[in-house]
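# Working through the structure, step by step
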Amino acid sequence: QVQLVESGGGLVQAGGSLRLSCAASGRTISTLTMGWLRQTPGKERVVVATISWFARTTYYADSVKGRFTISRDDAENTLYLQMNSLKPEDTAVYYCAAKRRDNAGYDDWGQGTQVTVSS
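Residues numbered from 1 in each chain as written. Predicted model: local features only at pLDDT ≥ 70, side-chain atom pairs only at ≥ 80, totals over all residues. Heavy atoms only, no water.

Right, let's talk about unusual backbone geometry for a bit. The backbone of R56 sits at a positive phi, close to 55°, despite the residue not being glycine. With respect to the secondary-structure elements, R56 resides in the loop between β5 (46–51) and β6 (58–60). The partly exposed category is assigned to R56, whose relative accessible area is 37%. One non-glycine residue, N77, lies in positive phi territory at about 55°. (Helix = DSSP H or I, 4+ residues; strand = E, 2+ residues; numbered from the N terminus. Buried < 20%, exposed > 50% of the residue type's maximum accessible area, 1.4 Å probe, protein only.)

Shown next as structure tokens:
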């Protein structure tokens, strides 16, 4: 099991940027596929971006393509999400998550960090 702690959320104006970090402990993330997901009140948690462990293959939701960048530093055991050109609709709680198998659900979750984008 890996423990995940997100940081970097906050309040930003539309068009601004934030960088989320997810510090992992308990085991290395180097063999885990990692992801960022977000959730707004009354809605399901949705995938924002993922990055695989083997080929560093990335996936982005259509709504964030070209604006968000996911990256990982396995030496620091940390996952990042650079968010640029933020929009009010990006407002959500952002969660870091890890999965051991690519064709399965996420096994471990962080507590989430709030991102609020004002118009």
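Okay, the nonpolar core next. By size, the foremost hydrophobic cluster in this structure holds 29 residues, and its most contacted members are M34, W36, L81, M83 and Y94. Counting only elements with at least two residues in this core, the list comes to β3 (18–25), β4 (33–39), β5, β7 (68–73), β8 (78–83), β9 (92–99) and β11 (113–118). Beyond its immediate sequence surroundings of up to four residues, Y94 is in contact with E6, L20, W36, L37, R38, V48, F68, L81, M83, G112, T113 and V115. (Core = buried A, V, L, I, M, F, W, Y, C linked by side-chain atoms within 4.5 Å. Contact = heavy atoms within 4.5 Å.)

In total, this model carries one disulfide according to the counting rule given. Between the sulfur atoms of C22 and its disulfide partner C96 the distance amounts to 2.0 Å. As the torsion about the S-S bond is roughly -75°, the C22-C96 disulfide counts as left-handed. Residue C22 is located in strand β3, and its partner C96 is located in strand β9; the two are separated by 74 residues in the primary sequence. Summarising the burial analysis for this pair, C22 and C96 share the class buried. (Disulfide = S-S within 2.5 Å.)

Burial within β4 is extensive, with six of its seven residues counted as buried. Looking at chain direction, β4 and β9 are connected through seven bridges and run antiparallel. In the strand pairing of β9, L37 is matched with Y95. Judged from the five bridges that link them, β4 and β5 form a sheet pairing that is antiparallel. Looking across to β5, one finds that L37 is bridged to V47. Here β4 hands over to β5 after six residues, with G42 in that stretch at a positive phi of 80°. (Pairing = 2+ DSSP bridges.)

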